[in-house]
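# Fold and geometry: a report
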Amino acid sequence: MSGTTEAPTHPGRVAEVVGALRQAHPGLEVCPTGTATRAFRFDTGTAPSSEQPSGTIGPAVAFPASAAEVQTIVRVASEHNVSIVPRGAGTGLSGGASASLDQLVVSTERLNRIVEVSPLDGVAVVEPGVINAALNAHLEPLGLFYAPDPASWEISTIGGNIATNAGGLRCAGYGVTRESVLRLDVVLADGSLVSVGHRSVKGVNGLDLTSLFVGSEGVLGIVVRATVRLRPVPVARRTISAFFPSTLDGLDGLDSITLSPVQPTVVEFFDEPSLTAIDAFSRTALRGRGASLVLVELDGYGIDEQTADLSAALTAAGAVVTAETDKDGHALWELRRHGRGQTEPQWFVGEDIAVPKSRLRDVYSRFAELEERFDVRVSAVSHAGDGNLHPAITKPIGDADPDDRPASLDEAATELVRIALAVGGTVTGEHGIGTVKREWAALELSPRHLAAQRALKDALDPAGLFNPGKAI
Ligand SMILES: Cc1cc2nc3c(=O)[nH]c(=O)nc-3n(C[C@H](O)[C@H](O)[C@H](O)COP(=O)(O)OP(=O)(O)OC[C@H]3O[C@@H](n4cnc5c(N)ncnc54)[C@H](O)[C@@H]3O)c2cc1C
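This one's a predicted model, so the numbers in the text were calculated from it and none came from an experiment. (Residues numbered from 1 in each chain as written. Predicted model: local features only at pLDDT ≥ 70, side-chain atom pairs only at ≥ 80, totals over all residues. Heavy atoms only, no water.)

### Here we look at the overall build of the chain
What counts here: Helix and strand assignments come from DSSP, with helices taken as H or I runs of at least 4 residues and strands as E runs of at least 2, each series counted from the N terminus. Throughout, the radius of gyration refers to the C-alpha atoms, and the reference size of a globule is 2.2 Å times the residue count to the power 0.38. Buried means the residue's accessible area, taken with a 1.4 Å probe over protein chains only, is under 20% of the maximum for its type, while exposed means over 50%, and partly exposed covers the values in between.
A count of helices and strands for the chain gives 15 helices and 18 strands. Against the globule reference of 23 Å for 472 residues, the chain gives a C-alpha radius of gyration of 23 Å, in line with a compact fold. The C-alpha extent of the chain, read off along each of the three principal axes, is 70 × 60 × 45 Å. In the chain, which comprises 472 residues, the share counted as buried stands at 50%.

This is how it looks when you write it as structure tokens:
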């Protein structure tokens, strides 16, 4: 280890854990605190915007290759009172996988086997470090797919998706990750291995601990194996674009989808500033087609009938509707996933609020007021099919010092959270609480509710071994 610039808070304890693991389990891969692991200090949501200096050091990281190795690591860390941060690919946006130098990161990178695929049971059994896209590449020749599709699907792990109950575009039709998880093997804080849930779709024996672990952000245990639900690849897919004359017209138009018997797999909404921003960044001309866009994907049998019926409903709602070719549809989905970016230096706060679908209009309607009150810009694309907005609160930096970030950005963001809560929404639809949204979480959950969550945490992890300071 060379070039270190800072010392861990408890170098002794973490070094003891690394030493004990190496001595008793020579086959286990463990990296000590050092420069090689500096990327493990942060996840995507908490990483500094500029590259870390070359001398920056990171936490110790263990790379187990079996559930038994995870159990060993947990027992040894527990004996030395060193807390553990479970980590998948580190693409989280809330700080859930960020680690300090007095912690041990347990990476699932080497737990990456697809153990079994059963077309007859409609399940796959996988280790947590399998990348979402790799599972789907494996399933494609079998005519099957795993539905949860966070935009990070090419880089994030199934374990991370489970621990964050990840959403994605297809949630409108197929539900969030929770709807695709049947059974989990989890290493608990005492080093024991427990299986929860069932390989069958049905199963109601006892409390639903599977749901408790899904979305628990690594604070209750380490998922070491998952049985996930598969679905047949649809016989056809079709993209429909519906451009409306204004943002509010587009939001009204969403009702025609909700009330239609045609139920799309994906329903995304772009307001006027979002279309303008995509055009500026991606050199497209979407704004010339309308001031807001509802982008829909249909799939399954009867695709022409579905297309005709939904197009008629959207046209009646005032949209200019196009059933896109496969090529143009693909290009539009690429713009949804990767089409936005900065064309000028700006301060930025991203949000992940979700509201009942019928209240989306109420939230967008408040953007202008927030812009005026806090002197910021506010716009949002939404997973409109499930009421999940991703607002961007921005302010051009201009000639100012980039480090001199105005407090008004966070004040506007907090006000927007309050607006979402007032209409029955939540502070996070899919990215989780992690470290960055804990104050907002407290605005949503009552003291009794928070106490109940802490009691559950204490019951499973009384010493606070897993991911302290995160999620609850
Ligand atoms: C470009 C981009 C697009 C994104 N799009 C979406 C999106 O559309 N929808 C969405 O929901 N999210 C999205 N995200 C956020 C992120 O990709 C998801 O939260 C993802 O599920 C995290 O997976 P990961 O493997 O990177 O987990 P990590 O970031 O490594 O970990 C996330 C959390 O899970 C815990 N964890 C990880 N593995 C385990 C395990 N085996 N057992 C227990 N706990 C574990 C960690 O401790 C942490 O709390 C996006 C991120 C990026 C960078």
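### Comments concerning the packing of helix H12 (residues 367–374) against helix H13 (residues 407–422)
Test applied: Geometry is summarised by axes, namely lines fitted to C-alpha atoms with helices restricted to the contacting stretch, and by angles between N-to-C directions that run from 0 to 180 degrees. Each angle gets one of four labels, with under 35 degrees taken as roughly parallel, over 145 as roughly antiparallel, 65 to 115 as roughly perpendicular, and the rest as oblique. Should the near helix be turned counterclockwise from the far one by less than a right angle, the crossing is left-handed, whereas a clockwise turn marks it as right-handed. Two residues form a contact once any of their heavy atoms are found within 4.5 Å. Three classes are used, and their members are as follows: Ala, Val, Leu, Ile, Met, Phe, Trp, Tyr, Cys and Pro are nonpolar, Asp, Glu, Lys and Arg are charged, and the others, Gly among them, are polar.
Where H12 contacts H13, the axes come no closer than 10 Å and their chain directions differ by 150 degrees. Taken together, the axes of H12 and H13 lie roughly antiparallel to each other. The two elements H12 and H13 cross, and the hand of that crossing is right-handed. Residues Phe367, Leu370, Arg373 and Phe374 of H12 touch H13, and the partners they reach there are Ser408, Glu411, Ala412, Glu415, Leu416 and Ile419. The class makeup of the residues in the contact of H12 with H13 is six nonpolar, one polar and three charged.

### Some words on the packing of aromatic side chains
For any pair of aromatic rings, the description consists of the separation of the ring centres together with the inter-plane angle of the planes. For clarity, the threshold we go by: To pair, rings of Phe, Tyr and Trp, with the six-membered ring standing in for Trp, must have centres within 6.5 Å; the planes then decide the type, stacked if under 30 degrees apart, edge-to-face if over 60, and tilted in the middle.
Inspection of the entire model under this criterion finds four aromatic pairs. With centroids separated by 6.0 Å and ring planes inclined at 85 degrees, the aromatic side chains of Phe40 and Phe63 adopt a geometry described as edge-to-face. Taken together, the positions of Phe40 in the loop between strand E1 (29–31) and strand E2 (60–63) and Phe63 in strand E2 put the pair 23 residues apart, joining distant regions of the chain. Taken individually, Phe40 and Phe63 each receive the classification buried, so the pair is uniform in this respect. For the pair Phe145 and Tyr174, a centre-to-centre distance of 5.4 Å together with 85 degrees between the ring planes defines the contact as edge-to-face.

### Notes on the sheet that holds strand E9 (residues 193–197)
Counted only if it meets this: Strand pairing is defined by DSSP finding a minimum of two bridges between the two strands.
Ordered in space as E5-E6-E10-E8-E9, the five strands form an open sheet in which the pairing is antiparallel. Looking at strand neighbours, the two that pair on one side only are strand E5 (114–118) and E9, the edges of this open sheet. Mean inter-strand twist for the sheet, computed between neighbouring axes without regard to direction, equals 15 degrees. Here strand E6 (residues 123–126) runs beside strand E10 (residues 222–229); their pairing, made up of four bridges, is antiparallel. In the sheet register, Ala124 faces E10, and the bridge partner there is Val228. Against the sheet, helix H3 (residues 132–139) contacts E5, E6 and E10, and its axis sits at roughly 45 degrees relative to E5.

### A short note on the pairing of strand E14 (residues 292–299)
With eight of its eight residues buried, E14 lies for the most part within the structure. Covered by surrounding structure in E14 are Ser292, Val294, Val296 and Leu298 together with Leu293, Leu295, Glu297 and Asp299, the residues of both alternating faces. Examined bridge by bridge, strand E12 (residues 237–244) and E14 share eight bridges and lie antiparallel to one another. The partner of Ser241 across the bridge, within E14, is Leu295.

### Some thoughts on the site of the ligand
Test applied: Any residue with a non-hydrogen atom lying within 4 Å of a molecule or strand is treated as near it. Any N or O atom pair separated by 3.5 Å or less is treated as a polar contact, with the protein-specific requirement of one donor-capable and one acceptor-capable atom, and with residues adjacent in sequence counted only for side-chain atom pairs. Only the protein chains shown count as cover for residues, with accessible areas throughout obtained via the Shrake-Rupley method and a probe of 1.4 Å.
Residues in contact with the ligand amount to 33 residues; listed here are only the nearest, Pro86, Gly88, Thr91, Ser152 and Thr157. Here an oxygen atom of the ligand sits 2.9 Å away from a polar atom, N or O, in the main chain of Ala89. One of the backbone nitrogen or oxygen atoms of Gly167 is found 2.9 Å away from an oxygen atom of the ligand. Surface burial for the ligand is 91%, taken as the share of its 970 Å² of free accessible area covered by protein chains. Listing elements by their share of the shell around the ligand, those giving two or more residues are strand E3 (84–87), helix H4 (158–163) and E10. Looking at which element gives the most residues to the shell around the ligand, the answer is H4, with four residues. Each residue belonging to the shell around the ligand can be placed in one class, and the counts come to 11 nonpolar, 19 polar and three charged.

### Quick notes on the environment of His198
Along the chain, the position of His198 falls in the loop between E9 and helix H6 (209–213). In this structure His198 comes out as partly exposed when scored by relative accessible area, which is 27%. The spacing of His198 and Thr227 is 29 residues in sequence and 8.3 Å in space, taken between C-alpha atoms.

### As for the nonpolar core
Generally speaking, nonpolar side chains in soluble globular proteins are found buried as a group. Rules: We define a nonpolar core as any set of buried Ala, Val, Leu, Ile, Met, Phe, Trp, Tyr and Cys residues linked to one another through side-chain atoms lying within 4.5 Å.
Among the nonpolar cores identified, the biggest contains 45 residues, and Leu254, Val294, Val363, Leu389, Ile393 and Leu416 are the most heavily contacted of them. Setting aside residues no more than four positions away along its own chain, Leu254 makes contact with Val267, Phe269, Val294, Leu360 and Ala384. Leu21, Val70, Val76 and Leu465 belong to the second-largest nonpolar core, a separate cluster that totals 24 residues.

### Details of unusual backbone geometry
One non-glycine residue, Arg283, adopts positive backbone phi at about 55 degrees. In this structure, Arg283 sits in the loop between helix H8 (272–282) and E14. Positive phi, normally seen in glycine, also occurs at Ala471, with a value near 70 degrees. Examined against the element boundaries, Ala471 turns out to sit in the segment after helix H15 (447–460).

### Some details on helix H7 (residues 247–258)
So the rule is basically this: What a helix should span is 1.5 Å times the count of its residues minus one.
Under the 1.5 Å per step criterion, the end-to-end length of H7 is 18 Å for 12 residues, consistent within 8% with the ideal 16 Å. When H7 is considered as a whole, its buried residues turn out to be Thr247, Gly250, Leu251, Gly253, Leu254, Ser256 and Ile257. Taken together, the buried residues of H7 touch E12, strand E13 (266–270), H8, E14, helix H9 (303–316) and helix H11 (360–364).

### Observations regarding the pairing of E12
E12 sits mainly inside the fold: six of its eight residues count as buried. Pairing of E12 with strand E15 (residues 320–323) involves four bridges; the strand directions are antiparallel. Looking at the pairing, Ile240 lines up with Ala323 of E15.

### Brief notes about the environment of Gly429
For Gly429, the position within the fold is in the loop between H13 and helix H14 (438–444). Separated by 40 residues in the primary sequence, Gly429 and Leu389 have C-alpha atoms spaced 8.1 Å apart.

### Observations concerning the confidence of the model for the chain
Basically, it comes down to this: pLDDT expresses, on a scale from 0 to 100, how confident the predictor is about each individual residue.
When pLDDT is averaged across the chain, the result is 95; 98% of the residues are at 70 or more. Low pLDDT (under 50) marks residues 1–8, which in the prediction has 20 contacts with non-local residues, meaning those over four places away or in another chain.

### Comments concerning the side chain of Thr157
Mapped onto the elements of the fold, Thr157 is located in the loop between strand E7 (144–145) and H4. Excluding anything up to four places from it in sequence, Thr157 contacts Gly88, Ala89, Pro128, Gly129, Val130, Ile131 and Asn132.

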